[in-house]
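Structural overview for review
Listed here are the chains, written in short residue letters.
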Amino acid sequence: MSPVLAPSRPASTHTSLLRAAGIVKAFGGNRALNGVSIDVRENEIMALVGDNGAGKSTLVKILSGAEVPDEGTIHVSGRLAAIQNPHDAHDLGIATLHQHLGLVDCFDVPQNVFLGRELSTRLLGVLPVLRRTEMLERTKELLRELDIRLPYLDRPVSTMSGGQRQAVAISRLLLGDIKLIIMDEPMAALGVHEGQKVLDLISRLSRRGISFLIVSHNMEHVMSISNRVAVLKNGNLVGVVPTEGATRQDITSMIIHGRV
Amino acid sequence: MSEQAEVEPRSPTDSLRRLSAFGRRFFLAGGILPLVLVIAIVGFALAEPRFLTYGNLFNVARAASFLVIVSIGQMITLLVRGIDMSIGSTEALVSVCVALVMATVLGFDPDAPWLAIAAGIAAGLAVGAVVGAVNGIGIAVFNVNPFIMTVGMLSILSGVALTVSGGMPMYGMPKQFGEIFAYAAPLGIPAPVLFAAGVFVIMFYILNWTALGRRIYALGGNIVASRLAGISTRLHMVLAYVMCSTIVAFGGILLTARVGTGEATLASTHVLESITAVVIAGVSFFGGIGRVGNVVLGAFFVTLVTNGMNLLRVPSYQQLIVLGCLLILAVVIDQVRIRMMQQVRDE
């Protein structure tokens, strides 16, 4: 075990990492987001909760670049950011873990980690050739850094358990210089034990200075891992409350009644 | 009892189980191809002694090289979870165009056979690339189902080839074309075999050792994940079909050299045979899985079966029945294999 000096739930600094202000998004006549403002701080785990149709998915899609807002601004590290597509978001240090993980089932671990970012060298200065050994070594290094243990790296990820696949998908995101990870229902398809492992991974990464915005229906997970909880209802932000000091009942009541 | 088990860890059932576990892994990795290849060779050799003569193997190797080339092309479309039903008519159109261009150039200057050959080959490859681009754009940009798109193209290309040729064989190609590209045999190896080996080496390199190859596999494995990973999926899909049709066009050029005329009805059996070869070689219809080396063996196997049936004087009508059965069997086995892979995951 690596020595961990920081407490398990570090007091987040109050510097804003990502600030979205007055986000409006309509699909046809249906306003999915009605001027939502949200502020994810550096080094914090923020949970995003709300009933079905509250606008969580739309907000997540806008922040990850999958949708462009009709109105509103996004600042990343204090600078105005124009996020038009997932690539822009990634360049700004925002990565998104989608519910379906974005893994190629028939690929092994290094192939998935380096998907779309394969390392090549030029043989004799002309022929591009994949640097397989280097990709394998860097994958091992990455997994070691993240303290992720996988039984084998050279088999298709389709042979792995849900939690292991999740770990591969998360480590994939961290190959670049990532400051914020957005997760859409990360534990939805996992068993209790597997889910706990992913929660452990999230808090470990958080201690290394990575912020999280996590959409979840699982109140237990929300209460155990987050620093703050943002509640959406009918496309409006009901409020943001610190997790410590709030009870499950408080938050459930916010989700249902739309009041703090 | 338990002591005895420790002393004798290899009871008959134990080694049987180990053997079946090994067989299962072998099957998952490479399909049934190695097994059926051995069975076919041994079976035909026992039934017909002429089968294993140098002369016959020379013939099989030469005949197989055309199918090897087009099967490698077909493989790429299966890797991206597609299919190309139009490869036979692509070859036919290429054949007609190659003959037309060569005859035209020779008509201007009868003393320039090499210019005619170069122009003909360039035209043939260009036709292939355009056909592939049309297939790819229809599939990737306009979202036409790959089967429908390429069946439509099958009809179109075959119609164009028949229109251009008037349904007649087209003569007038320089004799050097056939001499070099079909009948030369340096070191006793038929030229088509060498060309097929060249296509294999190039495609092995591209598919296994370049980012382009990885992305072609990724596209078939999970197109949504590929897009999220920043891969330009449409471009790569079009590229895959262009690669397929260009390789197929090269096969058509070699076949034209062998036949000696431009034929609008060339290679009509290649669609069925290539799909059989590719699927029996363990390339999955579900995309993302398959090895080019196995495809070479698969094409060899299909040619071997045809050759063996010819030697055994199986009438060609009945050969069609056998080939159809082989194709369906290969697909059934692919399904079983996919299911077994999922079981491995569940365990």
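Parameters at a glance
- Residues numbered from 1 in each chain as written.
- Chains lettered and ligands numbered in written order.
- Predicted model: local features only at pLDDT ≥ 70, side-chain atom pairs only at ≥ 80, totals over all residues.
- Heavy atoms only, no water.
- Contact = heavy atoms within 4.5 Å.
- Buried area = accessible area lost by both parts, 1.4 Å probe.
- Salt bridge = Lys/Arg side-chain N within 4 Å of Asp/Glu carboxyl O.
- Polar contact = N/O pair within 3.5 Å; in protein donor to acceptor, adjacent residues only side chain to side chain.
- Pairing = 2+ DSSP bridges.
- Helix = DSSP H or I, 4+ residues; strand = E, 2+ residues; numbered from the N terminus.
- Axes fitted to C-alpha atoms, helices over the stretch in contact; angles between N-to-C directions.
- Patch = residues over 30% accessible without salt bridge, like charges linked within 9 Å, V, L, I, M, F, W, Y side chains within 5 Å.
- Areas by Shrake-Rupley, 256 points an atom, 1.4 Å probe, with all protein chains shown as cover.
- Buried < 20%, exposed > 50% of the residue type's maximum accessible area, 1.4 Å probe, protein only.
- Phe/Tyr/Trp six-rings, centres within 6.5 Å; stacked < 30°, edge-to-face > 60°.
- Lys NZ or Arg CZ within 6 Å of the ring centre and 35° of its normal.
- Left-handed = near helix turned anticlockwise from the far one by under 90°.
- Nonpolar A, V, L, I, M, F, W, Y, C, P; charged D, E, K, R; others polar.
- Expected span 1.5 Å × (residues − 1).
- Core = buried A, V, L, I, M, F, W, Y, C linked by side-chain atoms within 4.5 Å.

A closer look at the interface of chain B and chain A
- Each partner contributes residues to the interface: chain B has 21 residues there, and chain A has 23 residues.
- In this assembly, chain B packs against chain A so that about 1900 Å² is buried in total across both faces, 62% of it on carbon and sulfur atoms.
- Counting every contact that joins chain B to chain A gives 1 salt bridge.
- The partner of Glu118 of chain A in a salt bridge is Arg215 of chain B, with the nearest N and O atoms 2.7 Å apart.
- On inspection of chain B and its partner chain A, the count reaches 6 residue pairs in polar contact (both at pLDDT 80 or more).

So, the sheet that holds strand β2 (residues 30-41) of chain A
Residues and elements named next belong to chain A.
- The strand order across the open sheet built from 4 strands is β2-β1-β4-β5, with neighbouring strands paired in antiparallel fashion. Of all strands in the sheet, those with a lone pairing partner are β2 and β5 (79-81), marking the two edges. If you compare each strand with its neighbour and ignore which way they point, the axes differ by 25° on average.

Considering a nonpolar patch on the surface
- A cluster of nonpolar side chains, contributed by Leu123, Leu124, Val126 and Leu127 of chain A, occupies part of the molecular surface with about 430 Å² of accessible area.
- A relative accessible area of 46% means that Leu123 of chain A is categorised as partly exposed.

A closer look at the packing of aromatic side chains
- Taken as a whole, this structure holds 6 aromatic pairs over all chains when the rule is applied.
- With centroids separated by 5.7 Å and ring planes inclined at 75°, the aromatic side chains of Phe195 of chain B and Phe250 of chain B adopt a geometry described as edge-to-face. A residue pair is termed long-range when its members are at least 10 positions apart, and Phe195 of chain B in helix α9 (residues 191-209) and Phe250 of chain B in helix α12 (residues 233-259) qualify at 55 residues.
- By relative accessible area, Phe250 of chain B is classed as buried at 18%.
- Feature note: the residues Phe177, Phe181, Phe195 and Phe250 of chain B constitute an aromatic cluster, connected by ring pairs.
- A cation over an aromatic ring shows up here: Arg155 of chain A above the ring of Tyr152 of chain A, its NZ or CZ 4.0 Å from the ring centre.

Examining the packing of helix α6 (residues 113-140) of chain B against helix α7 (residues 146-165) of chain B
Residue and element names in this part refer to chain B.
- Relative orientation of the contacting elements α6 and α7 amounts to 145°, with a least axis distance of 9 Å. Like other packed secondary-structure pairs, α6 and α7 cross with a definite hand, here right-handed. Counted together, Val131, Val134, Asn135, Gly138 and Ile139 of α6 and Pro146, Met149, Thr150, Met153 and Leu157 of α7 form the full contact between these two elements.
- Grouping the constituent residues of the contact of α6 with α7 by class yields 7 nonpolar, 3 polar and no charged.

Describing helix α5 (residues 162-173) of chain A
- The end-to-end C-alpha distance of α5 of chain A is 17 Å, a good match for the 16 Å that 12 residues give at a rise of 1.5 Å each.
- Burial of α5 of chain A is extensive: 10 of the 12 residues sit out of reach of the surface.

Digging into the nonpolar core
- Core analysis: the largest hydrophobic core is formed by 97 residues, its most contacted members being Ile72, Met75, Phe177, Met203 and Phe301 of chain B.
- Look past the residues within four positions of Ile72 of chain B in its chain and what remains in contact with it is Val199, Phe200, Met203, Ile247, Val292, Val295 and Val296 of chain B.
- Ranked by size, the runner-up nonpolar core spans 41 residues in total, among them Phe114, Leu146, Met187 and Leu199 of chain A.

Focus: helix α1 (residues 56-64) of chain A
All names here are of chain A.
- Most of α1 is tucked away, with 7 of its 9 residues classed as buried.
- Buried within α1 are the following residues: Lys56, Thr58, Leu59, Val60, Ile62, Leu63 and Ser64.
- Within two residues after α1, Gly65 carries a phi angle of roughly 90°, on the positive side.

Quick word on the pairing of strand β6 (residues 94-97) of chain A
Residue and element names in this part refer to chain A.
- Residues Ile94 and Thr96 of β6 are buried on one face, and the alternating residues Ala95 and Leu97, pointing to the opposite face, are buried as well.
- As defined by bridge partners, β6 adjoins strand β9 (residues 180-184) across 4 bridges and the pair is classed as parallel. Bridge pairing links Ile94 to Leu180 in β9.

Remarks on the sheet that holds strand β10 (residues 211-215) of chain A
Residue and element names in this part refer to chain A.
- Across the sheet, 6 strands lie side by side as β6-β9-β10-β3-β11-β12; this open sheet has mixed pairing. The strands lining the two open edges of the sheet, one partner per strand, are β6 and β12 (236-242). Here the average twist between neighbouring strands, direction ignored, is 20°.
- Each of β3 (45-50), β6, β9, β10 and β11 (228-233) touches α1; the most contacted strand, β3, lies at about 140° to it.
- Those strands touched by helix α6 (residues 192-207) are β3, β9 and β10, and its axis lies near 150° from that of β10.

Details of the environment of Leu115 of chain B
All names here are of chain B.
- By the element assignment, Leu115 lies in helix α6.
- Residue class for Leu115 comes out exposed when judged on its relative accessible area of 54%.
- Separated by 45 residues in sequence, Leu115 and Val70 place their C-alpha atoms 26 Å apart.

Describing the pairing of strand β8 (residues 127-130) of chain A
Residue and element names in this part refer to chain A.
- Sheet topology note: the strand β7 (residues 120-123)/β8 ladder contains 4 bridges and is antiparallel. The partner of Thr121 across the bridge, within β8, is Val129.
- Between β7 and β8, which pair antiparallel and follow one another directly, the connecting turn spans 3 residues, one of which, Leu124, has a positive phi of 55°.

Section: unusual backbone geometry
Residue and element names in this part refer to chain B.
- Despite not being glycine, Arg81 shows a phi value in the positive range, around 65°.
- With respect to the element layout, Arg81 can be found in the loop between α4 (54-79) and α5 (87-108).
- A positive phi angle, close to 60°, is found at Leu187, a residue other than glycine.
- Relative to the elements of secondary structure, Leu187 occurs in the loop between α8 (175-183) and α9.

In short, shape yes, function no, at least from these values alone.
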